[in-house]
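Residues per chain, in single letters:
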Amino acid sequence: MDATAKIETPSREGFLTEFQRFWGALPDKAVFGALLAAWVLLFQYYGWSTSVAERSGSLFSWMWGKWDDPANDASHGKLIPLVVLAILWFRRERLAKSAAGVWWPGLPAVGLALALHVAGFVVQQPRLSMVAFFFGAWGLVGLVWGWETLKVTFFPFFIFAFCVPMGGTFAQELTLPLRQLAATVTMFITHNLLQIDVVQNGTQLLDAHKRWHYEVAAECSGIRSFIALLAISTIFSVLTMRSFWKRAIMITLTVPIALICNVLRLSAIILTATAFRSQAAGDFMDHWFGFVTYMIGLGILLLAGRWLREK
C-alpha cells in the first residue's frame, strides 16, 4: 500500500533525482547548449522582417503576438512547447540510450533550415521562419547526438507544427471550402428539416424576414477546433497505438468531427436567433456554445479512442 502511494505521488526529490540521472547520461550537453543558444539568438534578432515598418525583429515576439490575437484562433500554440517537453520526458530512456555522439550528416539539415529562414526573411513570411527554427533545432539534435536520437525526437519536434498560426488573413482562402460546406449543411438542416426560413448566400446565412444574418467567416470555419482536435488525436494515437491503421482512423476522424461541431454550433445560433427573433440572442449563443460543441467533439474523439484502444 505504501509502495503504491509512493508511485502514484512521486516526491519532488524523486523527480529531481531522475532528471539529474537522465541529464547526466547525455553526452556533449555543453556543445548542444551553445549551438542551440546561437540558433535562438539568430531568430531573436533577425527572426522576421517587414517592408511596411522597415524593420526586423524577434520571431518569438511575432509568434506570441499571433498566439495572443483572437482573430488567429492560435492560442493553443502557447501550450505546444510544454506538450513537446512532456513527450520528450516520456521518452527519456530511449533518448538517453540513443545519444551516440556527433553525426555530421545532421549539418545539411541545419543548413537547409537556415536557407528556409533566409527565404522567409526575404519574402516576409514569418511562418516559413517558424518552420525553419523548429526544423533547424531538430537538425542540431541529430548533429550533436546522432541518427538514432534524430529518429527518437522526430515526433516531438513534428508536434511543433501545431504552433504555426493558421488564422487571420492567412486562413481566408484556406478555410473557404470548410466555410461553404458548413453553411450548406447548416442550411439543409435548419431550412429543410427544422422548417426555418433561412436563405444562403455563399457563406452567409440570412433570415428571410431580415431579423438576423450571420457570416461563416474564417474564424468561424471550425479551423480552431479542427487544429486542436487534430493535435490531440495525433498525440494520443501515436503515444497509445501501434497499429498504423488505427492511428490513421483517429487522425482522419478529426475532419468529420470538426465539421459536425461547427454545424451544431451554427444550427444552435440560428435556432436561438429565430426563437428570440434577435440578432443579439444568436450572438450570445455564438459566444458561448462553441465551448459546448468543442467538448462534444472531444468526447466523440475519446469514444473512438476507447473503441480502438490497445493493451
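Residues numbered from 1 in each chain as written. Predicted model: local features only at pLDDT ≥ 70, side-chain atom pairs only at ≥ 80, totals over all residues. Heavy atoms only, no water.

K.L.:
Can you tell me about the sheet that holds strand 4 (residues 204-207), naming the residues and giving the values?
P.N.:
Within a sheet, neighbouring strands are paired by backbone hydrogen bonds and run either parallel or antiparallel to one another. What the 3 strands build is an open sheet, ordered 3-4-5; its pairing is antiparallel. The sheet is open, and its two edges are formed by strand 3 (198-201) and strand 5 (213-215), each paired on a single side. Across the sheet, the mean angle separating the axes of adjacent strands is 15° when strand polarity is ignored. Note: strand 4 against strand 5, 3 bridges, orientation antiparallel. Note that in strand 5 the partner of Leu205 across the bridge is Tyr214. Against the sheet, helix 12 (residues 176-193) engages strand 3, strand 4 and strand 5, with an angle of about 160° to strand 3. (Pairing = 2+ DSSP bridges. Helix = DSSP H or I, 4+ residues; strand = E, 2+ residues; numbered from the N terminus. Axes fitted to C-alpha atoms, helices over the stretch in contact; angles between N-to-C directions. Contact = heavy atoms within 4.5 Å.)

K.L.:
How would you summarise the confidence of the model for the protein chain if you had to cite specific residues and measurements?
P.N.:
Taken over all residues, the pLDDT of the protein chain has a mean of 85, while the share at 70 or more is 88%. Of the regions scoring below 50 in pLDDT, residues 1-11 engages in 0 contacts with residues more than four places distant in sequence or in other chains. (pLDDT = per-residue confidence, 0-100.)

K.L.:
An account of the pairing of strand 4 is requested, with residue identities and associated values reported.
P.N.:
Burial along strand 4 is one-sided: Leu205 and Asp207 are buried, while Gln204 and Leu206, pointing the other way, are not. In this sheet, strand 4 lies alongside strand 3 in antiparallel orientation, the contact comprising 4 bridges. Across the sheet, the residue bridging to Gln200 is Leu205, located in strand 4. Taken together, strand 3 and the strand that follows it, strand 4, pair antiparallel across an intervening segment of 2 residues, in which Gly202 is found at a positive phi of about 70°. Taking the residues that link successive antiparallel strands as the turn, the strand 4-strand 5 hairpin has 5 residues, and the phi of Lys210 there is positive, at about 60°. (Buried < 20%, exposed > 50% of the residue type's maximum accessible area, 1.4 Å probe, protein only.)

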